[in-house]
Amino acid sequence: MESVRKNGIGLKGPMTTPIGKGFRSLNLTLRKSLGLYANVRPCLSIPGYKTPYDNVDLVTIRENTEGEYSGLEHQVVKGVVESLKIITRHASLRVADYAFQYARSNGRKRVSAIHKANIMKKTDGLFLQCCREVAEKHPDIVYEEVIIDNCCMMLVKNPSLFDVLVMPNLYGDIISDLCAGLIGGLGLTPSCNIGDNGLALAEAVHGTAPDIAGKNKANPTALLLSSVMMLRHLGMVEKADRIQKAILKTIEEGKYLTGDLGGKASTTEYTMAVCEHL
Amino acid sequence: MALFRRVKSLCSSTIRGYESSARHQLLYRCLGTSTKDTVVRATLFPGDGIGPEIASSVKQVFKAAEVPIEWEEHSIGTSVDPQTNSFVTFDSMESVRKNGIGLKGPMTTPIGKGFRSLNLTLRKSLGLYANVRPCLSIPGYKTPYDNVDLVTIRENTEGEYSGLEHQVVKGVVESLKIITRHASLRVADYAFQYARSNGRKRVSAIHKANIMKKTDGLFLQCCREVAEKHPDIVYEEVIIDNCCMMLVKNPSLFDVLVMPNLYGDIISDLCAGLIGGLGLTPSCNIGDNGLALAEAVHGTAPDIAGKNKANPTALLLSSVMMLRHLGMVEKADRIQKAILKTIEEGKYLTGDLGGKASTTEYTMAVCEHL
């Protein structure tokens, strides 16, 4: 923990959650100790890897500390259970601020807040109010509000309608996985968690794939693209662009693809191909 | 065969408490003479905007198919009925309760205060607890998916939409999500009954119980209890975010999905998007005592209202759901085939489907395909 705090930047591979009790889950520990409040996932259609969509170019920014995942549940009477969804001004402003900063530093034109405030008037209403306040400070960036169910429908019909999406916890969880599905799945999706004091911990969100572990068959794309996000966060834009181009070119060429992408290349062969494309 | 299935499902479904006239009527219809001779009265709410046009399309198709339905039309009032505190009158509600079956077109929600929203009124008065949406890929209307054949069943009374919110302190707001055993069992029961009566093989419960252990946990527990009574139907549990990812990658992985309120709202609209949108998606709400209110879930489209341009497909497919609910399977299949064939042929498509046909031309083409 101290190492990440001191360095302010990190990269994390997949981790197995140990079964058992008496300790906190790994992800929870990282999140709480480092104050990771936003999960950022750019979703870009990868030429060479065919999905029903070829025009995806959006970024999902998910509030990652409160909302529906506050873990506050109890039984009222037998057969009746309640769960509390918490929305605070502090957390909503914080993630909205980050979303607009991100849009600005990455040349993004539009930020869409995803909500269900027509039904959840106070909670999602507060989230939207905070987004609006931040939006006013960035008049050059277009701001819009989209209801969550409409959003899902629009995403599967025409994902190019979206640019940057900012959302409370649950919707963010759902939408970020939906968008990962649009471009091919978690094996190709980068992710980065933003914490206190400009700290960033990039990570691959796929699993540990124990069945192919140690066999030089794994696809490093998700972790590579996450490391690119890390470089962008550090401002090393030129290096980030170079590496990203090399990765996309390798996949587009199709000569060295790992098994999950339909090819026969090993991890090392794919990696060398990326290096050559630099 | 259809009658037998219907009677069996009516008898085996849990009749809670009392029997109503609606249920007696339905039983009588099915146990009595064949559906050809017995005319069923159904309530029709044409709705606003394009509502009346697409409703008359349904009437036309039913007439051409010789469907034994007698329509009892009701409109939304222009003043608030004090008995319902809504623009939907008490008489309209009674009509649906008495007939046990209805069809509803799109309705505009009036702006203002002091009365309940129309959908809320219908839902509360009729005890509508499950929203059912079959999503079927329509040959002739291209979307990135051509293999969608699933049904979403959404719990529609509680969950995240209980409307219980409050401010704790300035800048901190709470919202309560309620899950009850009663409502979860009820919708799970319906989902398995539906799967059984419609020849479906698998029911997937969608949840986030790894995080919301007590609430979604209770929902799952109830689904499992019901699943045990139907060992011939495959039961599985899928986490909501995985579910969305699987749906956009390969929707053929799913058959029947049963979900609490919010996930149901999201997933049912996602699935409607997979097949082309709300203009093509049928929907049916299930209420107390076997009551069913089918409805088109798209808007009133005021910009094309009265211009004979509207696409009646959603309402037509919803009316097909109505017929299936009544056990009139042969008529339902015939009309559904005619609709799908018309769209596949592509000669008479309304504007939203990329064609130039009017509502009446499209309707006539469907009638001809019967």
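These lines cover the structure that appears in this document, whether it is placed above or below. This structure is a prediction, so every number in the text was calculated from the model and none was measured. (Residues numbered from 1 in each chain as written. Chains lettered and ligands numbered in written order. Predicted model: local features only at pLDDT ≥ 70, side-chain atom pairs only at ≥ 80, totals over all residues. Heavy atoms only, no water.)

### Re the overall build of chain A
Using the following cut-off: The helix count covers DSSP runs of H or I at least four residues long, the strand count covers runs of E at least two residues long, and both are numbered beginning at the N terminus. The globule rule is 2.2 Å times the number of residues to the power 0.38, and the radius of gyration it is compared with is taken over C-alpha atoms. Burial status follows relative accessibility: with a 1.4 Å probe on protein chains alone, a residue under 20% of its type maximum counts as buried, one over 50% as exposed, and anything between as partly exposed. Any two residues having at least one pair of non-hydrogen atoms within 4.5 Å are treated as being in contact. Values of accessible area rely on a 1.4 Å probe in the Shrake-Rupley scheme; residue burial ignores everything except the protein chains shown. By the counting rule applied here, Lys and Arg register as positive and Asp and Glu as negative, while His and the ends of each chain are not counted. Each charge is placed at NZ for Lys, CZ for Arg, CG for Asp and CD for Glu.
From N to C terminus, chain A includes 9 helices and 10 strands. For chain A, whose C-alpha radius of gyration is 19 Å, the value lies close to the compact-globule estimate of 19 Å for 278 residues. When each of the 278 residues of chain A is scored for burial, the buried share is 52%. Taking the intrachain contacts of chain A between residues at least 6 apart in sequence as the baseline, contacts between residues at least 24 apart amount to 70%. Approximately 12,400 Å² of chain A is accessible, and the part contributed by carbon and sulfur atoms is 55%. Across chain A, the mean location of the 33 positive side-chain charges is 2 Å away from that of the 29 negative side-chain charges.

### Observations regarding helix 11 (residues 329-345) of chain B
Residue and element names in this part refer to chain B. To be explicit about the condition: A helix is expected to span 1.5 Å multiplied by its residue count minus one.
Given a rise of 1.5 Å per residue, 17 residues ought to cover 24 Å, and the 24 Å separating the end C-alpha atoms of helix 11 matches this to within 8%. The set of residues buried in helix 11 consists of Lys331, Ala332, Ile335, Gln336, Ala338, Ile339, Leu340, Thr342 and Ile343. The secondary structure elements touched by the buried residues of helix 11 are helix 3 (51-64), strand 4 (130-136), helix 10 (313-325) and helix 12 (359-368). In the stretch just after helix 11, Gly346 is the one whose phi turns positive, near 80°.

### Some thoughts on the environment of Tyr235 of chain B
Residues and elements named next belong to chain B. Note the following rule: A 3.5 Å cut-off defines polar contacts: any pair of N or O atoms within that distance qualifies, except that in protein one atom must be a possible hydrogen donor and the other a possible acceptor, and neighbouring residues in sequence count only when both atoms are side-chain atoms.
Examined against the element boundaries, Tyr235 turns out to sit in strand 9 (residues 234-239). It is 40 Å that separates the C-alpha atoms of Tyr235 and Ser86, two residues lying 149 residues apart in sequence. When sequence neighbours within four positions are dropped, the list of residues in contact with Tyr235 reads Phe192, Val203, Ala205, Leu220, Cys223, Arg224 and Ala227. Separated by 2.8 Å, the side chains of Tyr235 and Glu237 make a polar contact.

### Digging into the packing of aromatic side chains
All names here are of chain A. To keep things clear, this is the line we draw: Two aromatic rings from Phe, Tyr or Trp, using only the six-membered ring of Trp, form a pair when their centres are within 6.5 Å; if the ring planes differ by under 30 degrees the pair is stacked, by over 60 it is edge-to-face, and anything between is tilted.
In the structure shown here, the tally under the stated rule is 6 aromatic pairs over all chains. Seen from their ring centres, Phe100 and Tyr143 are 6.2 Å apart, and the 45° between their planes marks the pair as tilted. On the criterion of sequence distance, the pair formed by Phe100 in helix 3 (residues 89-105) and Tyr143 in strand 7 (residues 142-147) is long-range, its members being 43 residues apart. For Tyr143, a relative accessible area of 22% puts it in the partly exposed group.

### Quick word on the interface of chain B and chain A
Let me state the cut-off plainly: Here's the idea: put two parts together, see how much 1.4 Å probe accessible area each one loses, and the total over both is what we call buried area. Think of a salt bridge as a Lys or Arg side-chain nitrogen and an Asp or Glu carboxyl oxygen that are within 4 Å of each other.
Across the boundary between the two partners, chain B contributes 44 residues, which contact 44 residues of chain A. A combined buried area of about 3,700 Å² lies between chain B and chain A, and 68% of that area is made up of carbon and sulfur atoms. Ranking the residues of chain B by area buried against chain A places Glu165, Val173 and Met245 of chain B at the top, with a combined share of 16%. Linking Asp173 of chain A and Lys208 of chain B is a salt bridge whose minimum nitrogen-to-oxygen distance equals 2.6 Å.

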